[in-house]
There are 2 protein chains.
Amino acid sequence: MEAKRPKRSAARVASGPGELHDIIDAAWRKDSARIEEIGAWHYLRFTRGFRSVPVGTAVFGDTVVYGYPKIGRIFRLDQGLQAQFAHPFWVEEKIDGYNVRVFRQEDEVLALTRRGFVCPFTTDRMADLMDLTIFEARPDLVVCAEVVGPDNPYNESERAPADVPEDVRLFVFDLMRAGSPECLPYRRRGRLVEDFGLPAVPAYGRFRPDEAHRLSALMLELDRHVREGVVLKEDSSRDRRAKYVTGSINLADVRVSAKAVKQLPADYFIQRILRLALFMDEHGLRRTPELYRQLGEGLIEGIISAARQQRDHREVSDGFRCRFRHRANAELLMQTMQKLLGKGQVHQRRLEKEGEFYVLEFDKVLPKTTGLFAHLLRGGIIYD
Amino acid sequence: MEAKRPKRSAARVASGPGELHDIIDAAWRKDSARIEEIGAWHYLRFTRGFRSVPVGTAVFGDTVVYGYPKIGRIFRLDQGLQAQFAHPFWVEEKIDGYNVRVFRQEDEVLALTRRGFVCPFTTDRMADLMDLTIFEARPDLVVCAEVVGPDNPYNESERAPADVPEDVRLFVFDLMRAGSPECLPYRRRGRLVEDFGLPAVPAYGRFRPDEAHRLSALMLELDRHVREGVVLKEDSSRDRRAKYVTGSINLADVRVSAKAVKQLPADYFIQRILRLALFMDEHGLRRTPELYRQLGEGLIEGIISAARQQRDHREVSDGFRCRFRHRANAELLMQTMQKLLGKGQVHQRRLEKEGEFYVLEFDKVLPKTTGLFAHLLRGGIIYD
């Protein structure tokens, strides 16, 4: 684990079309931007952060949709609030789904994933997820939101929260404007969200940096409901931010992900165990035998199940299901997904009309492991 | 985790004094060998492996004591035995102490640590640990052994096995000859050990590579007694070797070491959890709630205790105690230990005559953490 910071502040941006044009040219030459063709949508995507332009930035003709800015994580409230914030901050719930940026491109409303791919699923369903009239009044807006629910193409359905029992829902947490990498100020965003009746992430109010104790009560409440955590947004012009997550979501992550031990780096697990431990310590959560059992069991059973899949040459796959308004978008998702998975494969199981929707079911089959884990299971030797 | 192999086989060695002289010259220039002065002992030590010479090799005048050869680790018997061995192999217990090479230098018998430091403690106590007459008959021999017990200067006393309740004991597992990097063949070593009545590691006989199941029964027995594991030595001229450890020792390691989370890399924990899981799977060990609880508790409590020590600015120290025949050797150990710890510190608590021994008690105080763990506890932010 190393402390990492984004190389450049997202605040230092291309100040005009001329400068941006130069950056795109240079990024293109350095293989940091490339043309994506997803169905009829052809655009330029930043595959990496380049100078002031963050990864996931998408350029459709004259329209630049900047990548959503990274938010750093703190591991302790007691020290972290005062270390990170000079002013009071707003607290919002962090929803555990996938991040999209929704914007109007000519007469369509498109949804981009975090990495800047047009998502055929989210785009297909946008009219179901929020009222799109906001783009008539404000065609320059970029709606930043989390999409969550069991019927989505990215996250395992077992991770969906209990209060989204089927399909997906969308929760807005920021607004940007096309051509700008910055988020609108908290109050301005709030007014727009209210005026246009957008579904927003739960808001928990304004806290001072010396109110770690007050925030602790909220965290314990979120922890009990296995919510992911909170995002803190400073009430100041610099819009300083930090995220902080619950112990229970880390426990769930370790359990769900131990079976992916062969894909994920060691740091992935240890960081989550570290966060869980520090959360329990700071918030005085009872360290029960049952919680310890869950952690130990999650780790061990996950690894054993991965080892057995590998040994039996079973394909490691996860089943997904989602509903579309348009059959063509389902087919486009399948094509896009195959590109995203690289050496992995997408197997479409079913695509059928059910009532008003086309229901798509598919598996992601991960590539055969060739790394250390496979080496060890084959009886390989290591010198440590 | 990456599969690592030693850069060079220890079998390709300096074939004569001329060639070795060249290697030492080059190693010296490349900062891979340096002069150690430990009390009256002045010699050359290889601080890294260099060409064919392994790390820990010590050169006293004309006498070259080669570093003990690295033994690779396998994680599965079912695949590993046949992958690694072409012939039957001998099985010996792997003792969990510290590795020494004992040899005669002029009229003294010295003990070197794995890294090639003369150990003032082990050297002081050699006559108590084994019969030294073997060096009168065979002054060229290098006795390779593990020293284990609660009263030692290197390993935490809580790790000592139950059947060495006090002081230390020595267990021979190989013989080498000065000037050669190779171990004597198994049967030849066995005869010498027997002839001179040396204390040997427990031997469990000869197994074929297709006898994973038979070896599994032994592993379960060792696991029940929280023994570290076994070393397998092929009965062939190439002397192929591998080590394989029990689940219970990995569980113990995780528990004892989680509190050192800030010094140890993430791989350290995950590898041990991985070994534990694969051991349980292969040997059909019952996956009980109690075992899971122990694993979860070991991880969490270790991290919390490390966090509290850090937060309270308490010094992280471990208490050691050992007995000497000669007071000067105890003092020399204190000096040597200070060199070994670098930025850490050795605090001598007590050095007093008790009966026939000088009893030394000391603490190792680890340097203050300045890495990621301290950063996080101070409320620092990371971008992951």
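Note that this is a predicted model, so its numbers are computed, not measured.

S.K.: In this structure, what is going on with the overall build of chain A? I would like to understand it.
M.R.: Looking only at helices and strands, chain A has eleven helices and 17 strands in total. For chain A, the spread of C-alpha atoms along the three principal axes comes to 60 × 50 × 50 Å. Expressed as a percentage of its 384 residues, the buried residues of chain A come to 55%. When the 61 positive and 56 negative side-chain charges of chain A are each reduced to one mean point, those points stand 5 Å apart.

S.K.: Looking at this structure, how should I read the pattern of salt bridges?
M.R.: As a working rule, side chains carrying opposite charge can pair if their charged atoms are close by. On inspection of all chains with the given rule, the structure shows 80 salt bridges over all chains. Here Asp151 of chain B and Arg323 of chain B are joined by a salt bridge, their closest N and O atoms 3.7 Å apart. Linking Asp151 of chain B in the loop between strand E9 (141-148) and strand E10 (169-177) with Arg323 of chain B in strand E14 (residues 317-324), this pair joins segments that are 172 residues apart in sequence. According to the relative accessible area criterion, Asp151 of chain B is buried, its value standing at 7%. With a relative accessible area of 14%, Arg323 of chain B lands in the buried category. Each of Asp151, Glu166, Arg321, Arg323, Arg349, Arg350, Glu352, Glu354, Glu361 and Asp363 of chain A takes part in salt bridges that share partners, so that together they form one network.

S.K.: For this particular structure, what's the right way to read the sheet that holds strand E10 (residues 169-177) of chain A?
M.R.: Working definition: the strands of a sheet are paired by backbone hydrogen bonds and lie parallel or antiparallel to each other. Residues and elements named next belong to chain A. Across the sheet, four strands lie side by side as E8-E7-E9-E10; this open sheet has antiparallel pairing. Strands at the two margins of the open sheet, each flanked by one partner only, are strand E8 (108-113) and E10. Shown here is a sheet whose adjacent strand axes are inclined to one another by a mean of 30 degrees, direction ignored. With six bridges joining them, strand E7 (residues 98-105) and strand E9 (residues 141-148) adopt antiparallel strand pairing. Across the sheet, residue Val100 finds its bridge partner in E9, namely Ala145. Taken strand by strand, helix H3 (residues 120-129) contacts E7, E8, E9 and E10, and its axis lies near 120 degrees from that of E8. Helix H5 (residues 186-195) contacts E9 and E10 of the sheet and is inclined by roughly 130 degrees relative to E10.

S.K.: It is not clear to me how the pairing of strand E2 (residues 41-46) of chain B should be interpreted in this structure. Could you clarify?
M.R.: Two faces make up the sheet, and in a regular strand the side chains alternate between them. Residues and elements named next belong to chain B. Among the six residues of E2, five are classified as buried, and the element is accordingly described as predominantly covered. For strand E1 (residues 33-38) and E2, the ladder comprises six bridges, and the chain directions are antiparallel. Among the inter-strand pairings, Ile38 is bridged to a residue of E2, identified as Trp41. Count of turn residues in the E1/E2 antiparallel hairpin: two residues, of which Gly39 carries a positive phi of about 60 degrees. Inspection of the sheet shows E2 paired to strand E3 (residues 58-60) by two bridges, in the antiparallel sense. Note on E3: the bridge partner recorded for Leu44 is Val59.

S.K.: Even after reading the chapter, I still don't get the sheet that holds strand E7 (residues 98-105) of chain B, so can you show me in this structure?
M.R.: Residues and elements named next belong to chain B. Taking strand neighbours across the sheet as the criterion, the four strands line up as E8-E7-E9-E10 in an open arrangement whose pairing is antiparallel. Taken across any chain shown, the strands that pair with only one partner, and hence form the sheet edges, are strand E8 (108-113) and E10. Averaged over neighbouring strand pairs, the angle between their axes works out to 30 degrees when direction is ignored. Of the pairings in the sheet, the one linking E7 to E8 comprises six bridges and is antiparallel in character.

S.K.: How should I be thinking about the packing of aromatic side chains in this particular structure?
M.R.: Within a pair of aromatic rings, the relevant descriptors are the distance that separates the centres and the angle that separates the planes. Residues and elements named next belong to chain B. This structure, assessed with the given rule, holds 20 aromatic pairs over all chains. Ring geometry for Phe320 against Phe362: centres 5.5 Å apart, planes inclined by 15 degrees, an arrangement best described as stacked. Taken as a pair, Phe320 in strand E14 and Phe362 in strand E16 (residues 357-365) lie far apart in primary sequence, 42 residues in all. There is no split in this pair, since Phe320 and Phe362 are both buried.

S.K.: I tried to follow the pairing of strand E13 (residues 241-245) of chain B on my own but got confused; where do I start?
M.R.: Residues and elements named next belong to chain B. Counting buried residues along E13, five of its five residues qualify, which places the element largely inside the surrounding structure. The sheet contact formed by strand E12 (residues 229-234) and E13 spans five bridges and is antiparallel. What sits directly across from Leu232, in E13, is Ala242.

S.K.: Please clarify how the interface of chain A and chain B should be interpreted in this entry.
M.R.: The parts lose accessible area when they come together, and the size of an interface is often stated as this lost area. The interface is formed by 61 residues belonging to chain A together with 61 residues belonging to chain B. In total, chain A and chain B occlude about 5,600 Å² of area from one another, counting both sides; carbon and sulfur atoms represent 66% of this. Together, Tyr292, Ile381 and Tyr383 of chain A form the three largest contributors to the area buried by chain A at its contact with chain B, with a combined 13%. For the interface between chain A and chain B, the tally reads four salt bridges. At the boundary of chain A with chain B, the tally comes to eight residue pairs in polar contact (both at pLDDT 80 or more).

S.K.: Looking at this model, I keep getting lost on the relation of the copies chain A and chain B. Mind explaining?
M.R.: If you rotate chain A by 180 degrees and push it 0.1 Å along the axis, it lands on chain B with an RMSD of 0.1 Å. Taken together, the turn and the small shift mark the pair as related by a two-fold rotation axis. Considering only C-alpha atoms, the residue of chain A closest to the rotation axis is Arg293 of chain A, which sits at 1.9 Å. Here 100% of the interface residues in chain A have copies in chain B that are interface residues too; the copies meet face to matching face.

S.K.: Where do I start with the side chain of Arg76 of chain B in this structure?
M.R.: With respect to the helices and strands, the residue Arg76 of chain B is situated in the loop between strand E5 (73-74) and helix H2 (77-84). Under the relative-accessibility criterion, Arg76 of chain B is labelled buried at 1%. Separated by 3.1 Å, the side chains of Arg76 of chain B and Asp281 of chain B make a polar contact. Discounting chain neighbours no more than four positions away, the residues touching Arg76 of chain B are Arg311, Leu376, Leu377 and Gly379 of chain A together with Leu81, Tyr244, Leu278, Asp281 and Glu282 of chain B.

S.K.: What should I look at first to understand the packing of helix H8 (residues 266-283) of chain B against helix H9 (residues 289-311) of chain B in this one?
M.R.: Packed helices, taken two at a time, are described by the angle their axes make and the gap between the axes. Residue and element names in this part refer to chain B. Contact geometry of H8 with H9 gives a least axis separation of 13 Å together with a crossing angle of 175 degrees. On the basis of the axis angle, H8 is roughly antiparallel to H9. Touching Phe269, Ile273, Leu276 and Met280 of H8 are Leu291, Leu295 and Leu299, all from H9. Of the residues in the contact of H8 with H9, the class split is seven nonpolar, no polar and no charged.

S.K.: Where do I start with unusual backbone geometry in this structure?
M.R.: Backbone phi values are negative for most residues with the exception of glycine, while trans is the configuration of most peptide bonds. Non-glycine residue Asp239 of chain A carries a positive phi angle of around 50 degrees. Judged by its relative accessible area of 26%, Asp239 of chain A falls in the partly exposed class. Its identity is not glycine, yet Arg51 of chain B carries a phi of approximately 45 degrees, on the positive side. Inspection of the secondary structure assignment puts Arg51 of chain B in the loop between E2 and E3.

S.K.: Can you help me understand the side chain of Ser32 of chain B in this one?
M.R.: All names here are of chain B. One can find Ser32 in the loop between helix H1 (17-29) and E1. Relative accessible area serves as the criterion here: at 4%, Ser32 is assigned to the buried category. Side chain to side chain, Ser32 and Arg48 meet in a polar contact 3.3 Å long. Those residues within four positions of Ser32 in sequence are excluded, and the remaining contacts are Ala27, Arg45, Phe46, Thr47, Arg48 and Phe50.

S.K.: Explanation requested: the packing of helix H7 (residues 247-257) of chain A against helix H8 (residues 266-283) of chain A in the structure shown.
M.R.: All names here are of chain A. Following both chains from N to C, one finds H7 and H8 inclined at 155 degrees, their axes separated by 8 Å at the closest point. Taken together, H7 and H8 sit at an angle that is classed as roughly antiparallel. Pair H7 / H8 crosses with left-handed handedness. In contact with Gly247, Asn250, Leu251, Asp253, Val254 and Ser257 of H7, H8 contributes Tyr268, Phe269, Arg272, Ile273, Arg275, Leu276 and Phe279. Residue classes in the contact of H7 with H8 are distributed as seven nonpolar, three polar and three charged.

Calculation criteria
Residues numbered from 1 in each chain as written. Chains lettered and ligands numbered in written order. Predicted model: local features only at pLDDT ≥ 70, side-chain atom pairs only at ≥ 80, totals over all residues. Heavy atoms only, no water. Helix = DSSP H or I, 4+ residues; strand = E, 2+ residues; numbered from the N terminus. Buried < 20%, exposed > 50% of the residue type's maximum accessible area, 1.4 Å probe, protein only. Lys, Arg positive; Asp, Glu negative; His and termini not counted. Charge placed at Lys NZ, Arg CZ, Asp CG, Glu CD. Salt bridge = Lys/Arg side-chain N within 4 Å of Asp/Glu carboxyl O. Pairing = 2+ DSSP bridges. Axes fitted to C-alpha atoms, helices over the stretch in contact; angles between N-to-C directions. Contact = heavy atoms within 4.5 Å. Phe/Tyr/Trp six-rings, centres within 6.5 Å; stacked < 30°, edge-to-face > 60°. Buried area = accessible area lost by both parts, 1.4 Å probe. Polar contact = N/O pair within 3.5 Å; in protein donor to acceptor, adjacent residues only side chain to side chain. Least-squares fit on C-alpha atoms with pLDDT ≥ 70 in both. Parallel < 35°, antiparallel > 145°, perpendicular 65-115°, else oblique. Nonpolar A, V, L, I, M, F, W, Y, C, P; charged D, E, K, R; others polar. Left-handed = near helix turned anticlockwise from the far one by under 90°.

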